[in-house]
Amino acid sequence: MTLQAIKWEDRKLSILDQLQLPLRTLYRAVTTVDEGWSVINKMQVRGAPAIAIVGCLSLAAEISQATFEDKTQVLDFITSKLDHLVTARPTAVNMANAAEDLKKYAKGLHNDSQISALDLVEKTIKWCEKLLADDVATNKKLSDLGATSVMDSATGVTKVRVLTHCNTGTLATAGYGTALGVIRSLHAAGNLEHVFCTETRPYNQGARLTAYELVFEGLPGTLLCDSAAAWLMQTKGIHAILVGADRVDSKGNTANKIGTFQLAVAAKHFSVPFYVCAPTTSIDISLDDGHKIPIEQRPSQEMTHVAGTQLAAPGINCWNPAFDVTPAELITGGIVTEHGVFKPQDLKSSLDAISNKSK
Ligand code: MRU
């Protein structure tokens, strides 16, 4: 059995409710964009690539059942629903990138006199289905490239000990994962000695989800408290740190789960290569200032309570940013994409060259 976060069968969407994991495996049907927005916002599905895929497929599910009078009505519907989906989780750029691309595509079809309202609906659904299919292929590619780069940097060893943060696996994507995908590829090649994963407070994506994936896949893994990470580097000799990304700017500054920045600072202290694993769908090439990335604030309750039980002192004020921005200069291993592993300063020029070549 393989783990599957997103199911799309006969134009019906369901998601594995990640707030129920690891104790219960419960799929929830998503039939409309409003439901898609809600499962993303509540973090029943999360992880930057999965957010975009579920958002787009919720649109596909809704338009496959709807009736439209004409093409303009279809286009207006698609445009307004995509604009709404972008607001569900603002830091991850994947949904915004997908919305921009899909709006452009739909507008082009709308202006084509050969295309009917039904064609526009059908082609939009196919576009969303391709997003799902492409993500797995992209992740596999970037994971193999990342694994090779990690082994190249870990001179003199055949097996590595790595550290990861948050959840970047099958549960955060259409399948395989990004940073956890690299770890999976290391394992498949016989190069993984051990993976350490942080709890990832406050919402425990590491303890609940990454630990679940490691056990599920039989990878040699150990969970640690976030506050134990520097001591782990000091005492266990970590070869690489691998994290995902919610938004990478054109200079390589990276927004990712809160706590990523402090891991990168500690990695620098211990000269541990620090890798950001990000499909190009997570790159915001139009932005060159990481300080401008919108940082989502989550409800205090996600900090003060664990599984419904209050742990923090009642009445205390809370500050709960969901993400931080790691400066590019701390990303010493590189940015792992499906097109290659790039130093942050080379990211834009390398991606521009690849895009020019494919024109
Ligand atoms: O708040 P979350 O759980 O959506 O945060 C997830 C992360 O920070 C991941 O590292 C990122 O989205 C990449 S997932 C491949």
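Here the structure is a predicted model, which means the values were calculated and not measured.

Here is what the cut-offs are and how they apply
- Residues numbered from 1 in each chain as written.
- Predicted model: local features only at pLDDT ≥ 70, side-chain atom pairs only at ≥ 80, totals over all residues.
- Heavy atoms only, no water.
- Helix = DSSP H or I, 4+ residues; strand = E, 2+ residues; numbered from the N terminus.
- Buried < 20%, exposed > 50% of the residue type's maximum accessible area, 1.4 Å probe, protein only.
- Contact = heavy atoms within 4.5 Å.
- Salt bridge = Lys/Arg side-chain N within 4 Å of Asp/Glu carboxyl O.
- Near = heavy atom within 4 Å.
- Polar contact = N/O pair within 3.5 Å; in protein donor to acceptor, adjacent residues only side chain to side chain.
- Areas by Shrake-Rupley, 256 points an atom, 1.4 Å probe, with all protein chains shown as cover.
- Pairing = 2+ DSSP bridges.

## Remarks on the environment of Arg247
- Within the fold, Arg247 resides in strand S8 (residues 247-249).
- A relative accessible area of 10% places Arg247 in the buried class.
- In the structure, Arg247 is positioned 31 residues away from Ala278 in sequence and 8.4 Å away in space, judged by C-alpha atoms.
- Not counting chain neighbours up to four residues away, the residues in contact with Arg247 comprise Pro90, Thr91, Ala92, Val93, Asn253, Thr254, Ala255, Ser282, Asp284, Leu287, Ile293 and Pro294.

## Observations concerning the pattern of salt bridges
- Counted by the stated rule, this structure contains 14 salt bridges.
- A salt bridge links Glu213 to Arg184, with the nearest nitrogen and oxygen atoms 3.1 Å apart. A residue pair is termed long-range when its members are at least 10 positions apart, and Glu213 in helix H7 (residues 205-217) and Arg184 in helix H6 (residues 179-188) qualify at 29 residues.
- For Glu213, a relative accessible area of 1% gives the class buried.
- Salt-bridge contacts for Glu296 lead to Arg298; the nearest nitrogen and oxygen are separated by 2.7 Å. Side by side, Glu296 and Arg298 carry an identical accessibility label, which is buried.
- Salt bridges sharing common partners tie together Arg89, Glu296, Arg298 and Glu302.

## Here's the deal with the site of the ligand
- The environment of the ligand is formed by 19 residues, the closest being Arg46, Ala48, Arg89, Asn256 and Lys257.
- Gln205 is positioned with one of its side-chain polar atoms (N or O) 2.9 Å from an oxygen atom of the ligand.
- Within the side chain of Lys257, a nitrogen or oxygen atom sits 2.8 Å from an oxygen atom of the ligand.
- Burial of the ligand by the protein chains amounts to 99% of its free accessible area of 410 Å².

## Observations concerning the pairing of strand S9 (residues 254-257)
- When S8 meets S9, the two strands line up antiparallel, connected through 2 bridges. Directly across from Val248, in S9, lies its bridge partner Thr254.
- Between the antiparallel neighbours S8 and S9 lie 4 residues, among them Gly252 with a positive phi of about 100°.
- One ladder, built from 4 bridges, connects S9 with strand S14 (residues 323-326); its direction is antiparallel. Following the sheet pairing, Lys257 is matched in S14 by Phe323.

Purely geometric numbers; function is a separate question.
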